[in-house]
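Chains, contacts and geometry: an overview
The residues making up each chain are set out below.
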Amino acid sequence: MIPVTLSIENKKVVIVGGGNIAKRKAKSYLENKAQVIIVSPEISFDYSGMEWIKDIYSKQYIQDAFMVYTATNSVEVNHQVIED
C-alpha cells in the first residue's frame, strides 16, 4: 500500500449508507472541511453540517463527486456503487 494525502476541503464527498461506519467517515470528512452528502433511506446519526438525500442509492447522486464512500450492509449496493 501507498499512503496518499488528499485535500478534500470544499470538495463534494458522497457517502452511501447511514449507519455507524457512515457516521465515522462523515465526521472525518467534515473535520477536513468537505461538502458531505449522505445517500440513505434511513440515517442513525445527527447529520448537522451535511446534506441528507433520503433515498435508495442511484448513480445520479455520485455524478460530480470528488470522492465516494460506500458504507451499506448490502453487498449488492456496495458493488453497484463501485461499478458506477
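Residues numbered from 1 in each chain as written. Predicted model: local features only at pLDDT ≥ 70, side-chain atom pairs only at ≥ 80, totals over all residues. Heavy atoms only, no water.

**Considerations on the overall build of the protein**
Operational definition: Segments assigned H or I by DSSP are reported as helices when at least four residues long, segments assigned E as strands when at least two residues long, and all are numbered from the N terminus. Radius of gyration means the value over C-alpha atoms here, while the globule rule gives 2.2 Å times the residue count to the 0.38 power. Here's how the labels work: a residue is buried when its accessible area is under 20% of the maximum for its type, exposed when over 50%, partly exposed in between, all with a 1.4 Å probe on protein chains only. Throughout, a contact is declared for two residues whenever any of their heavy atoms are within 4.5 Å. We get accessible surface area from the Shrake-Rupley algorithm with a probe of 1.4 Å; when it comes to residues, only the shown protein chains can shield them.
Helix and strand counts for the protein stand at two helices and four strands. Overall, the protein shows an N-to-C arrangement of helices and strands of β-α-β-β-β-α. Here the protein has a C-alpha radius of gyration of 12 Å; the compact-globule value for 84 residues is 12 Å, and the two agree. On the principal axes, the C-alpha backbone points of the protein span a range of 30 × 30 × 25 Å. Here the protein holds 84 residues, and the buried ones make up 32% of them. Considering only contacts in the protein between residues 6 or more positions apart, those separated by 24 or more positions represent 46%. Accessible area for the protein stands at about 5800 Å²; split by element, carbon and sulfur atoms hold 49% of it.

**Some points on the side chain of Ser40**
Which entries qualify depends on this criterion: The term polar contact refers here to a pair of N or O atoms within 3.5 Å; inside protein, the definition further demands a hydrogen-donor-capable atom paired with an acceptor-capable atom, and it admits residues adjacent in sequence only when both atoms are side-chain atoms.
Take Ser40: it is sitting in the loop between β2 (35–39) and β3 (51–53). Overall, Ser40 belongs to the buried group, its relative accessible area being 7%. In terms of polar contacts, Ser40 uses its side chain to reach the backbone amide nitrogen of Gly18, at 3.5 Å. There is a polar contact of 2.4 Å between the side chain of Ser40 and the backbone oxygen of Glu42. Excluding residues that lie within four positions of it along the chain, Ser40 makes contacts with Gly17, Gly18, Trp52, Ile53, Lys54 and Asp55.

**What about a nonpolar patch on the surface?**
Heads up, the condition is: A patch consists of residues whose relative accessible area exceeds 30% and which take part in no salt bridge; residues with like charges are grouped when within 9 Å of each other, and nonpolar side chains (Val, Leu, Ile, Met, Phe, Trp, Tyr) when within 5 Å. Here, a salt bridge means any side-chain nitrogen of Lys or Arg that lies within 4 Å of a carboxyl oxygen of Asp or Glu.
A contiguous nonpolar patch, built from Ile2, Val4, Leu6 and Phe66 and spanning about 450 Å² of accessible area, is present on the exposed surface. Mapped onto the fold, Val4 is located in the segment before β1 (12–16). Residue classification places Val4 among the exposed positions, given a relative accessible area of 64%.

The values are spatial; any link to function lies outside them.
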